[in-house]
Amino acid sequence: MLFNSYPFILLFLPLVLTGYFWLGRRSNLAPVIWLAGASLAFYAVGNWQFAGLLLLSIAFNYGVGHLLIVAKLGRSQRRAALALGVAGDLLVLGIFKYAGFGVDNINALFGTHAAVHVLLPVGISFYTFTQIAFLVDAYRGRVAAYALPHYALFVTYFPHLIAGPILHHKDMIPQFEREEGKHPDAHLILCGVIIFAIGLFKKTCLADGIQPLVALAFEARSPSFDQAWLGSLAYTFQLYFDFSGYSDMAIGISLIFGIFLPVNFNSPYKASSIVEFWRRWHMTLSQFLRDYLYIPLGGNRRGRVLRYVNLMITMLLGGLWHGAAWTFVVWGGLHGAYLCVNHAFNALVPTVPSVLARPARIAGAALTFLAVVVAWVFFRAESVAWALRVLRAMADPSNIVFGRDEIAALLLVSIYAMLVWLAPNTQAIMRYDHGNRRVGEALRAGRIRPLILYGASLVLAFGLLGIQSHSEFIYFRF
């Protein structure tokens, strides 16, 4: 089910919300079971054939986690239980996500013609990573014993299930356990609706609105210089507003239930370095890769060379996580190389004098954005060869069309660029503070209330009118 669909907005969400708060007046556990059941129904609407797999994954990881948390196991037994849990998760992920990719590569190497056709369960990467983090923390002794309904809701919670953010048990399960959160809070509901409206507008009006321009670069066999740039920039902004819109909608929906989700998107194109970019883009994935892959590999504790090796491994696997294709591997490798260069630059170049700080930041932001656009070409292209074709066109200014369509596209791309670099982001507008569980304090105090409400109503109206019959979020594919 899509957040940007009338059945979700007009039927599913009001029904689940009503049941959640009605049960909250009678029990602390019943709303948790209701919400977990509703989340499973949300998943099953479009992925009924994989609902059983999701339930098996929950049962398997909860069982292994129970062994690690409660059972009196020895050190070697605990290590074996963790290995069993992580291997089981990776095996399932590997079969469903990478079996076809592996067979295709074997065919290419040995000239065979084997074929594997496995449907990819939506959200499998997100709920697998969420549970691997749970098992690792359980092994480290950082997890309390959770009841099964709370754990099931932690994994299936529908605002995050399909495309993130990647949740952490320590952040979420205590919120599910709170009795106060089961009662409607008018302020949180109002803030949630406003944030949802902003996200819906980003998705249906901005991301879907610029999507046709992407074809200039990625559906033309021989794009010109200007077409290649305009198409690549259009995809850069489409992905930005698509993912930003999803992240806002997830936070807004969750806030209506009184539950704070972590911020996952923080104006990444304003970053002045690639290191800062990864602190702003898909923030929960970056934290997961840092805490459960980069640091266990050794991080920066074993010298500079191994630090760069660990960075490359982390980003290559991060790229492969996004999809089973060489384009994603190249995309991850590029970002790994960018990060290595960034860290080497920081280590070798002295601190910039304060008088040059602003020009240096602007230059850094421009260079970072350019590097990101180049990498997005691989992320979007059907193949590495196709991506190289687009990049060659972007590097050949002798081939320019710049007709009426290209001029119109340039105007549209320029408007998107101004929105990205000059407009505040949603958490800044709403003063969303995930750590302190605060949002919209100015709104609560009665300041700027009419302005915010009128603006939100207008944005919601445009967002609703912009809903297309079926427009999936780009991150659903991962």
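Look a little higher up for the structure.
Below, the structure is looked at part by part. As the structure is a computational prediction, the values presented were derived from the model and not from experiment.

What follows covers the overall build of the protein chain. Within the protein chain one finds 20 helices and 0 strands. Radius of gyration (C-alpha) of the protein chain: 23 Å, near the 23 Å computed for a compact globule of 478 residues. Along the first, second and third principal axes, the C-alpha set of the protein chain runs to 70 × 60 × 55 Å. When burial is assessed residue by residue, the protein chain has 52% of its 478 residues classed as buried. In the protein chain, of all internal contacts separated by at least 6 residues, the share reaching a separation of at least 24 is 76%. A gap of 9 Å separates the mean positions of the 36 positive and 22 negative side-chain charges of the protein chain.

Turning our eyes to something else, we now look at the packing of helix 8 (residues 186-210) against helix 10 (residues 225-256). Axes are the key here: two packed helices are described by the angle between their axes and the distance separating the axes. Two elements in contact, helix 8 and helix 10, have axes whose closest approach is 7 Å; the angle formed by their N-to-C orientations is 160°. Put simply, helix 8 runs roughly antiparallel to helix 10. For the element pair helix 8 and helix 10, the recorded crossing hand is left-handed. Residue composition of the contact of helix 8 with helix 10, grouped by class: 19 nonpolar, 6 polar and 4 charged.

Moving on, we get to helix 7 (residues 169-177). Owing to its 3.6 residues per turn, the α-helix aligns residues three or four sequence positions apart on the same side. Every buried residue of helix 7 is listed here: His169, Asp171, Met172, Ile173, Gln175 and Phe176. Buried-residue contacts for helix 7 involve helix 2 (30-69), helix 4 (124-139) and helix 5 (148-156).

Moving on, we get to the packing of aromatic side chains. Applying the stated rule across the entire model yields 48 aromatic pairs. Taking the centre distance of 5.6 Å and the plane angle of 85° together, the rings of phenylalanine 243 and phenylalanine 265 count as edge-to-face. Placement of the pair is phenylalanine 243 in helix 10 and phenylalanine 265 in the loop between helix 10 and helix 11 (274-280), with a sequence separation of 22 residues. Classification of phenylalanine 243 by relative accessible area gives buried; the value is 1%. Overall, the relative accessible area of 5% leaves phenylalanine 265 in the buried class. Plain terms: the ring middles of phenylalanine 277 and tryptophan 281 are 5.9 Å apart, the flat faces sit at 15° to each other, and that makes the pair stacked. Pair check on accessibility: phenylalanine 277 and tryptophan 281 agree, each one buried. One cation-aromatic arrangement involves lysine 97 over tryptophan 321; the distance from NZ or CZ to the ring centre is 5.3 Å. Across from the ring centre of tryptophan 386, 4.4 Å away, lies the NZ or CZ of arginine 389, which sits over that ring.

Once that is clear, we can look at the pattern of salt bridges. Inspection of the entire model under this criterion finds 10 salt bridges. The residue glutamate 180 makes a salt bridge to arginine 178 at a minimum N-O spacing of 3.8 Å. Exposure remark for glutamate 180: the relative accessible area of 54% places this residue in the exposed category. Overall, arginine 178 belongs to the partly exposed group, its relative accessible area being 39%. Linking aspartate 208 and lysine 203 is a salt bridge whose minimum nitrogen-to-oxygen distance equals 3.2 Å. For the pair formed by aspartate 208 and lysine 203, the shared burial category is buried. It is possible to trace a salt-bridge network through shared partners that takes in Lys203, Asp208 and Asp242.

Looking now at unusual backbone geometry. A positive phi angle is found at serine 267, which is not glycine, with a value near 45°. Residue placement: serine 267 occurs in the loop between helix 10 and helix 11. At arginine 437, a position not held by glycine, the phi torsion is positive, near 55°.

Following the sequence through the fold, glutamine 77 ends up in helix 3 (residues 75-110). In this structure, the C-alpha to C-alpha distance between glutamine 77 and isoleucine 58, residues 19 residues apart in sequence, is 21 Å. Here the side chain of glutamine 77 touches glycine 74 through a polar contact of 2.8 Å, landing on its backbone nitrogen.

Core analysis: the largest hydrophobic core is formed by 148 residues, its most contacted members being Phe158 and Phe257. If one sorts the elements of this core by residue count, helix 10 sits on top with 17 residues. When neighbours within four sequence positions are excluded, phenylalanine 158 is seen to be in contact with Phe3, Phe8, Phe12, Leu13, Val16, Leu35, Ser39, Phe42, Ile253 and Phe257.

Now for a nonpolar patch on the surface. There is a patch of nonpolar side chains on the surface, built from Val305, Leu306, Val309, Ile313 and Leu317 and spanning about 400 Å² of accessible area. Here leucine 306 is to be found in helix 13 (residues 304-322).

It is worth spelling out the packing of helix 1 (residues 6-24) against helix 2 at this point. Direction vectors running N to C along helix 1 and helix 2 enclose 160°, while the axes themselves pass 8 Å from each other. When the axes of helix 1 and helix 2 are compared, the pair comes out roughly antiparallel. With respect to the hand of their crossing, helix 1 and helix 2 are arranged in right-handed fashion. Seen from helix 1, the contacting residues are Phe8, Phe12, Leu15, Val16, Gly19, Tyr20, Leu23 and Gly24; seen from helix 2, they are Ala30, Pro31, Trp34, Leu35, Ala38 and Phe42.

We now examine the environment of phenylalanine 241. Mapped onto the elements of the fold, phenylalanine 241 is located in helix 10. For phenylalanine 241, a relative accessible area of 5% gives the class buried. Sequence-wise, phenylalanine 241 and serine 414 are 173 residues apart; in three dimensions their C-alpha atoms are separated by 15 Å. Those residues in contact with phenylalanine 241, other than ones at most four positions away along the chain, are Lys202, Lys203, Leu206, Ala207, Tyr416, Leu419 and Val420.

Cut-offs and rules
- Residues numbered from 1 in each chain as written.
- Predicted model: local features only at pLDDT ≥ 70, side-chain atom pairs only at ≥ 80, totals over all residues.
- Heavy atoms only, no water.
- Helix = DSSP H or I, 4+ residues; strand = E, 2+ residues; numbered from the N terminus.
- Rg over C-alpha atoms; globule rule 2.2 N^0.38 Å.
- Buried < 20%, exposed > 50% of the residue type's maximum accessible area, 1.4 Å probe, protein only.
- Contact = heavy atoms within 4.5 Å.
- Lys, Arg positive; Asp, Glu negative; His and termini not counted.
- Charge placed at Lys NZ, Arg CZ, Asp CG, Glu CD.
- Axes fitted to C-alpha atoms, helices over the stretch in contact; angles between N-to-C directions.
- Parallel < 35°, antiparallel > 145°, perpendicular 65-115°, else oblique.
- Left-handed = near helix turned anticlockwise from the far one by under 90°.
- Nonpolar A, V, L, I, M, F, W, Y, C, P; charged D, E, K, R; others polar.
- Phe/Tyr/Trp six-rings, centres within 6.5 Å; stacked < 30°, edge-to-face > 60°.
- Lys NZ or Arg CZ within 6 Å of the ring centre and 35° of its normal.
- Salt bridge = Lys/Arg side-chain N within 4 Å of Asp/Glu carboxyl O.
- Polar contact = N/O pair within 3.5 Å; in protein donor to acceptor, adjacent residues only side chain to side chain.
- Core = buried A, V, L, I, M, F, W, Y, C linked by side-chain atoms within 4.5 Å.
- Patch = residues over 30% accessible without salt bridge, like charges linked within 9 Å, V, L, I, M, F, W, Y side chains within 5 Å.
- Areas by Shrake-Rupley, 256 points an atom, 1.4 Å probe, with all protein chains shown as cover.

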